[in-house]
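Analysis of the macromolecular model
Below are the chains, spelled out letter by letter.
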Amino acid sequence: MEKVIIRNAKLKDAVWIEKMINTYAEKGLMLFRKRENIIENIRNYIVAEISNEVIGCCSLSFFTEELAEIRSLAVKEDFKKKGIGSKLVLKAEDILREEGIKNVFVLTYQVDFFKKLGYKIVEKTIFPQKIWRDCLSCPKIMQCDEIAMEKKL
């Protein structure tokens, strides 16, 4: 496999980020994201690239000076199981540490993946900031089956 570059997303990446995220959303594994929303938040996205092709992404969502979420983690099907998702998460964690974040969380179906990266299962209710800002407008609010996991940085 060619060299994987992990970098901050650029506006031109929005179309690929949208396509990747919404491919997973169609399978019920992630929430849909509109390109306008991705563009508006482009500075919070990280991408994985091989030969100028975006093959993975994730984004950061800040809640307080010490709490943030890693979300929208997606890797193109052809590149799964090659460590790209881990590289994206580790880069996101580095950025969060630089910002002084002490606690990071995810809402996920990929429990084993995040356990290998040091995340532990917790109750969603310990993140009231997430619930009030994002969950109340989520179409899955009454039947959310994602698992909350956190890691101390």
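Just so it is clear, the model here is predicted, and its values are computed rather than measured. (Residues numbered from 1 in each chain as written. Predicted model: local features only at pLDDT ≥ 70, side-chain atom pairs only at ≥ 80, totals over all residues. Heavy atoms only, no water.)

This paragraph deals with unusual backbone geometry. Note: most residues except glycine have negative phi, and most peptide bonds are trans. In this structure, serine 72 takes a positive phi of about 55 degrees despite not being glycine. Position of serine 72 relative to the elements: it lies in strand β4 (residues 67-75). Judged by its relative accessible area of 7%, serine 72 is buried. We note that lysine 81 has phi near 65 degrees; this positive angle belongs to a residue other than glycine. If you trace the backbone, lysine 81 turns up in the loop between β4 and α3 (84-98). Using a relative accessible area of 86% as the deciding quantity, one classes lysine 81 as exposed. (Helix = DSSP H or I, 4+ residues; strand = E, 2+ residues; numbered from the N terminus. Buried < 20%, exposed > 50% of the residue type's maximum accessible area, 1.4 Å probe, protein only.)

Within the largest apolar cluster, 25 residues are counted, with the highest numbers of intra-cluster contacts made by Ile70, Ile84, Leu88, Leu96 and Tyr119. Counting only elements with at least two residues in this core, the list comes to β2 (45-50), β3 (53-62), β4, α3, β5 (103-108) and α4 (111-116). Ranked by residues supplied to this core, first place goes to α3 with 6 residues. The contact partners of leucine 96, leaving out residues within four places of it in the chain, are Leu60, Phe62, Ala68, Ile70, Ile101, Val104 and Leu153. If you look at the next biggest cluster of nonpolar residues, it comprises 14 residues, including Ile38, Tyr45, Val47 and Val54. (Core = buried A, V, L, I, M, F, W, Y, C linked by side-chain atoms within 4.5 Å. Contact = heavy atoms within 4.5 Å.)

All right, on to the pattern of salt bridges then. The tally for this structure, following the rule as stated, stands at 11 salt bridges. For arginine 71, the salt bridge goes to glutamate 69, with nearest N and O atoms at 3.8 Å. Note on arginine 71: relative accessible area 21%, which makes it partly exposed. In this structure glutamate 69 comes out as buried when scored by relative accessible area, which is 3%. Lysine 152 is the partner of glutamate 150 in a salt bridge, and the nearest nitrogen-oxygen pair spans 3.8 Å. By relative accessible area, which is 14% here, glutamate 150 ends up buried. (Salt bridge = Lys/Arg side-chain N within 4 Å of Asp/Glu carboxyl O.)

So, on to the packing of aromatic side chains. In this structure the tally under the stated criterion is 3 aromatic pairs. Here the aromatic rings of phenylalanine 113 and phenylalanine 114 are separated by 4.9 Å at their centres, their planes lie at 90 degrees, and the arrangement is edge-to-face. Taken together through their ring pairs, the aromatic side chains of Phe113, Phe114 and Tyr119 make up a single cluster. The aromatic ring of tyrosine 24 is capped on one face by lysine 27, whose charged end is 5.7 Å from the ring centroid. (Phe/Tyr/Trp six-rings, centres within 6.5 Å; stacked < 30°, edge-to-face > 60°. Lys NZ or Arg CZ within 6 Å of the ring centre and 35° of its normal.)

This paragraph deals with the sheet that holds β5. The strand order across the open sheet formed by 7 strands is β1-β2-β3-β4-β5-β7-β6, and the pairing between neighbours is mixed. Sheet topology places β1 (5-8) and β6 (120-122) at the edges, where each strand pairs with a single neighbour. Each adjacent strand pair in this sheet contributes to an overall mean axis angle of 30 degrees, direction not counted. Sheet topology note: the β1/β2 ladder contains 4 bridges and is antiparallel. If you follow arginine 7 over to β2, its bridge partner there is valine 47. Running at roughly 80 degrees to β3, helix α1 (residues 14-26) makes contact with β2, β3 and β4 of the sheet. Against the sheet, α3 engages β1, β2, β3, β4, β5 and β7 (147-152), with an angle of about 155 degrees to β4. (Pairing = 2+ DSSP bridges. Axes fitted to C-alpha atoms, helices over the stretch in contact; angles between N-to-C directions.)

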